[in-house]
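# A look at the structure
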Amino acid sequence: MNDCLGVITLPNYQVSVPGNQTDSHIFSKRNPIWLKFQPNSSRARRSTAGSEGSSPSEKDYYLSMVNCVDKEDLYFTLLRCSKLKPNSRSFDSTLFDKSAMNTLIRSIHSNEHQFQAAWLNAMLGRMFLGVYKTPQVKDMVFQKLVDKLSRVRLPNFLNDMRMKSVHLGDGVPMITRPKLLSLKPNGDMIMDMDLLYQGGFRAEVEAEAVVTVTKKIQPIKVSLVLVMTLVRLEGRVQAWIKPPPCNRIWYGFYHKPQVEMKIEPVVSDKHIKSNLIIKAIENKMLEAIAETMVLPNMDDIPFSDSEGVGGIFGEE
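Residues numbered from 1 in each chain as written. Predicted model: local features only at pLDDT ≥ 70, side-chain atom pairs only at ≥ 80, totals over all residues. Heavy atoms only, no water.

One broad trend across soluble globular proteins is that nonpolar side chains are buried collectively. Leu158, Met161, Leu226 and Met228 are the most contacted members of the largest nonpolar core, which totals 45 residues. The dominant element in this core, judged by the number of residues it contributes, is helix H5 (residues 275-293), at eight residues. Ignoring sequence-local partners within four residues, the contact set of Leu158 consists of Ala207, Glu208, Ala209, Leu224, Leu226 and Ile281. Within the second largest apolar cluster, 11 residues are counted, among which are Ile33, Leu35, Tyr75 and Leu79. (Core = buried A, V, L, I, M, F, W, Y, C linked by side-chain atoms within 4.5 Å. Buried < 20%, exposed > 50% of the residue type's maximum accessible area, 1.4 Å probe, protein only. Helix = DSSP H or I, 4+ residues; strand = E, 2+ residues; numbered from the N terminus. Contact = heavy atoms within 4.5 Å.)

Two numbers describe how helix H2 (residues 98-107) lies on helix H3 (residues 114-131): the axes approach to 9 Å, and their chain directions differ by 165°. When the interaxial angle is binned, H2 and H3 end up roughly antiparallel. The handedness of the crossing between H2 and H3 is right-handed. In contact with Ala100, Met101, Leu104 and Ser107 of H2, H3 contributes Gln114, Asn121, Ala122, Gly125, Arg126 and Leu129. Across the contact of H2 with H3, the residue classes tally to five nonpolar, four polar and one charged. (Axes fitted to C-alpha atoms, helices over the stretch in contact; angles between N-to-C directions. Parallel < 35°, antiparallel > 145°, perpendicular 65-115°, else oblique. Left-handed = near helix turned anticlockwise from the far one by under 90°. Nonpolar A, V, L, I, M, F, W, Y, C, P; charged D, E, K, R; others polar.)

Moving on to H2. Listed in full, the buried residues belonging to H2 are Ala100, Met101 and Leu104. Along the axis of H2, the buried residues cluster in a sector spanning 100°; they form a single face. In this structure, H2 carries Lys98 and Arg106 as exposed residues pointing more than 90 degrees from its buried face. Structurally, H2 contributes buried residues whose contacts are with H3 and strand S5 (174-183). (Arc of directions from axis to C-beta.)

Right, let's talk about the sheet that holds strand S1 (residues 13-16) for a bit. Read across the open sheet, the three strands follow the order S1-S2-S3; overall the sheet is antiparallel. Pairing within the sheet leaves two strands with one partner each, and these edge strands are S1 and strand S3 (61-63). Within the sheet, the average angular offset between the axes of one strand and its neighbour, ignoring direction, is 20°. Where strand S2 (residues 33-37) lies against S3, three bridges are found, and the strand directions are antiparallel. (Pairing = 2+ DSSP bridges.)

Let us now look at a nonpolar patch on the surface. Taken together, Trp119, Met123, Leu124 and Met127 make up a surface patch of nonpolar side chains, about 440 Å² in accessible area. If you trace the backbone, Met123 turns up in helix H3. The class for Met123 is partly exposed, based on a relative accessible area of 40%. (Patch = residues over 30% accessible without salt bridge, like charges linked within 9 Å, V, L, I, M, F, W, Y side chains within 5 Å. Areas by Shrake-Rupley, 256 points an atom, 1.4 Å probe, with all protein chains shown as cover. Salt bridge = Lys/Arg side-chain N within 4 Å of Asp/Glu carboxyl O.)

Following this line, the structure appears as structure tokens:
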């Protein structure tokens, strides 16, 4: 301990990188890690890449490292320690569940068809587990489903179906037997692949149902909460990126995919046992899939934000 020049009590500091840095530059060599002293250590703090509006003080520290990869590790370690409180455990709600990662590992080694695309499924799965619990991704999926739901033709007994919440499950679709069909000089690219999803995506929707009790009593309106779980989705998919200015991947199944869906309607906290109602809802959901994701119909996933213009355009 003779070489120790001092001790930094990290909960008294805000950890950040000075300046309004973008994600691509935040861990570059020229940017130090800034430990900003906070006199009022009890108030809530959050690290940012800018700490805009803050000015340095004599009690601040600036840490630099030659290796950018090690710098990221140090930054996250300091950030975690700065949030520690006495006799408490720090927990980040956006971290993936260990069971989800174990499922991904088992999936990419599950059969001989996975060998060719194991690297791709591992990469996509790892990226998904890094963001699937974040509010931004949940909101993006929620808004896309709200748009899709608004275009579903409902059974006669259901009115005004609204999206309530989504749970993204714990995995992404597994891709096997990918094949490049064409790649042209103008940028047009078509490929296809086998797709298998068993991630357990779940959505809760609210609706109003018209229920007939008996012939002597007029139909009554009751509120429904429908819990829909996508248990399994399997089929061969074509993916298509058109020439510029296209900013999205179009995809569609060659044939109706194999779909296993679990639907649990709830009325006043009591489960509806009517198979007729459940089957009618399931058929409408399958119709929606056929109308949007079975060739010649295709759905799309944008890979670049067009800010509402629908494509990638330069200045004229």
